[in-house]
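# Tertiary structure, described
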Amino acid sequence: MSKTKIDLIDRDKIPVHIAIIMDGNGRWARKQGFARIKGHNTGVETIRNIVTFSNEIGLKYLTLYAFSIENWGRPKREIKLLMKLLDKYLADELSLFLENNIRFNVIGLIEGLPLEIQKKIKYNMESTKNNTGLTLTLALNYSGRSEITTAVKNIVKDASSGKISSIDITEDFISSYLFTNDLPDPDLLIRTSGEMRVSNFLLWQISYSEIWITPVLWPDFSQNHLAEAVVDYQKRERRFGKV
Ligand code: FPP
C-alpha cells in the first residue's frame, strides 16, 4: 500500500504550535444542498478529529479561529445556531479533554459571549488546567486588532497607576499583555477553503509563521490534510529574516 501523508510525518520535528483559520463551512453545505448550519455541524466533527490527531502526534498547541468579532455581522439566526452549537460543544467535549490529557483554553473577549457559554468556558478551563498534552485554544469573539487594542489599554492603565514605566516596553512585554501570553507564537498557520487572507487572526503572533493554504473546505479537512501541511512545513527552512 502506498504511504499516506500521516506515515511521512517526521515525529521528531513536529511544529510546536499550529493555528488554523477554519473556513468554508457555508460553501460545503451549499455544495451539498444543505442549510449553512449543517456545514457548521460537520465542522465541529472536523474539530474533534483534528484535535484528537494533533494530540496523538504530540503537537503541544493548536489554536482554532472559531468565532471572530466580525462574525456578529452574520444573520441573527445563524449566530443563534452557532452559539447553540458552541454551547453543546463545550458540554460534550470535556470528557474528550479529560480522557486525553488535553488542556482547554480560550482567547478573545469572553465577557461578550452569552453567560451560559462563559460559565462553561471557565469550567472547562479550570477542569483541564493541569493537563500536560495538547493545549487546545479556541479563539472566540476574537480579532487580532481588538486583542492589541485591549493590550494597549491595559498597558496604559498599568503605566498610569505606576505599576510599570516606559522602560519596560519591549516586544516580549507587549506579548505578555496579549490574550496569548501563555502560548508560543504559531510555527504554522493553516487556512482552509483557499482564501488568501489573514482575517484579523493573531496579527502580532504570526509575524514569522509559515503559511499553508488549502482549497479543501473545513468540513472535508482530514487528518491526512493536516499531515500534508505538517510534512510540507518540515521541508521548509525557517530563516526569521536572516540569510
Ligand atoms: C467559517 O465557515 C467558519 C466559522 C464561522 C468558524 C468555524 C466554526 C465552526 C467549525 C463551527 C462552530 C465551532 C464550534 C467550536 C462550536 P463559513 O461559514 O465562513 O463558510 P463560508 O465562507 O463557506 O460561508
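The preceding data block contains the structure.
Residues numbered from 1 in each chain as written. Predicted model: local features only at pLDDT ≥ 70, side-chain atom pairs only at ≥ 80, totals over all residues. Heavy atoms only, no water.

Now for the overall build of the chain. The helix and strand inventory of the chain stands at eight helices and six strands. Starting at the N terminus, the α and β elements of the chain follow one another as α-β-α-α-β-α-β-α-β-α-α-β-β-α. Taking 243 residues into account, the globule formula puts the C-alpha radius of gyration at 18 Å, and the chain, at 18 Å, falls close to it. Each of the three principal axes of the chain carries a C-alpha extent, and together these read 65 × 50 × 35 Å. Contacts in the chain between residues at least 24 apart in sequence constitute 79% of all its contacts with a sequence separation of at least 6. Summing over all exposed atoms, the chain offers an accessible surface of approximately 12800 Å²; the carbon and sulfur share of this is 54%. Positive and negative charge centroids in the chain, built from 33 and 29 side chains respectively, lie 6 Å apart. (Helix = DSSP H or I, 4+ residues; strand = E, 2+ residues; numbered from the N terminus. Rg over C-alpha atoms; globule rule 2.2 N^0.38 Å. Contact = heavy atoms within 4.5 Å. Areas by Shrake-Rupley, 256 points an atom, 1.4 Å probe, with all protein chains shown as cover. Lys, Arg positive; Asp, Glu negative; His and termini not counted. Charge placed at Lys NZ, Arg CZ, Asp CG, Glu CD.)

Attention now goes to the site of the ligand. Lining the immediate surroundings of the ligand are 20 residues, of which Asp-23, Gly-26, Arg-27, Arg-36 and Arg-74 lie closest. Backbone polar atom of Arg-27 to an oxygen atom of the ligand: 2.7 Å apart, as the coordinates give it. Here an oxygen atom of the ligand and a side-chain polar atom of Arg-36 are 2.7 Å apart. In isolation the ligand has 620 Å² of accessible area, and contact with the protein removes 91% of it. Only α2 (25-31), α3 (36-56), β2 (61-68) and α4 (76-99) provide two or more residues apiece to the shell around the ligand. It is α3 that provides the largest number of residues to the shell around the ligand, a total of five residues. (Near = heavy atom within 4 Å. Polar contact = N/O pair within 3.5 Å; in protein donor to acceptor, adjacent residues only side chain to side chain.)

Let us now look at the pairing of strand β5 (residues 188-191). Burial along β5 is two-sided: the face carrying Leu-188 and Ile-190 and the face carrying Leu-189 and Arg-191 are both buried. Across four bridges, strand β1 (residues 17-21) lies against β5 in parallel orientation. Note on β5: the bridge partner recorded for Ala-19 is Leu-189. Bridge count between β5 and strand β6 (residues 210-213): four bridges; the pairing is parallel. Note that in β6 the partner of Arg-191 across the bridge is Ile-213. (Buried < 20%, exposed > 50% of the residue type's maximum accessible area, 1.4 Å probe, protein only. Pairing = 2+ DSSP bridges.)

With that out of the way, let us pick up the pattern of salt bridges. Once the charged atoms of two side chains with opposite charge are near each other, the side chains can pair. Enumeration over the complete set of coordinates arrives at 16 salt bridges. As a salt-bridge pair, Glu-195 and Arg-197 come within 3.3 Å of each other at their nearest N and O atoms. We classify Arg-197 as partly exposed; its relative accessible area is 47%. (Salt bridge = Lys/Arg side-chain N within 4 Å of Asp/Glu carboxyl O.)

Ring pairs (aromatic) are described by centroid distance and by the angle formed between their planes. For the structure shown, the criterion picks out ten aromatic pairs. Relative to Phe-34, the ring of Trp-28 lies with its centre 6.4 Å away and its plane at 35 degrees, an arrangement referred to as tilted. Ring pairing ties together the aromatic residues Tyr-65, Tyr-142, Phe-179 and Phe-201, which thus form one cluster. Positioned above the aromatic ring of Phe-34 is the side chain of Lys-38, whose terminal nitrogen or guanidinium carbon lies 5.3 Å from the ring centre. (Phe/Tyr/Trp six-rings, centres within 6.5 Å; stacked < 30°, edge-to-face > 60°. Lys NZ or Arg CZ within 6 Å of the ring centre and 35° of its normal.)

Between its first and last C-alpha atoms helix α5 (residues 115-128) spans 20 Å; for 14 residues at 1.5 Å apiece the expected length is 20 Å, and the two agree. Along α5, the residues that are buried comprise Ile-117, Gln-118, Lys-120, Ile-121, Asn-124 and Thr-128. In an axial view of α5, the angular spread of the buried residues amounts to 165 degrees, which keeps them on one side of the axis. In α5, the exposed residues that point more than 90 degrees away from the buried face are Leu-115, Lys-119, Lys-122, Tyr-123 and Glu-126. (Expected span 1.5 Å × (residues − 1). Arc of directions from axis to C-beta.)

Our next topic: the nonpolar core. Judged by nonpolar contacts, the single largest core of 48 residues is most densely connected at Leu-62 and Leu-136. Considering every element that reaches this core, the biggest residue donor is α4, with ten residues. Once residues lying within four places of it in the same chain are set aside, the contact partners of Leu-62 are His-17, Ile-18, Ile-20, Ile-50, Val-51, Ser-54, Leu-134, Thr-135, Leu-136 and Thr-137. Among the nonpolar cores identified, the runner-up in size contains ten residues, and Ala-19, Ala-139, Tyr-142 and Leu-189 belong to it. (Core = buried A, V, L, I, M, F, W, Y, C linked by side-chain atoms within 4.5 Å.)

Turning to the sheet that holds strand β4 (residues 135-142), a few remarks are in order. Across the sheet, which stays open at both edges, the six strands sit in the order β3-β4-β2-β1-β5-β6 with parallel pairing between neighbours. Edge strands, defined here as strands with exactly one partner in the open sheet, are β3 (103-107) and β6. Between one strand axis and the next, the sheet turns by 20 degrees as a mean value, whatever way the strands run. Sheet strands touched by α5: β3 and β4. Its angle to β3, the strand with the most contacts, is close to 140 degrees. (Axes fitted to C-alpha atoms, helices over the stretch in contact; angles between N-to-C directions.)

Everything listed here is a matter of geometry and, on its own, says nothing about what the molecule does.
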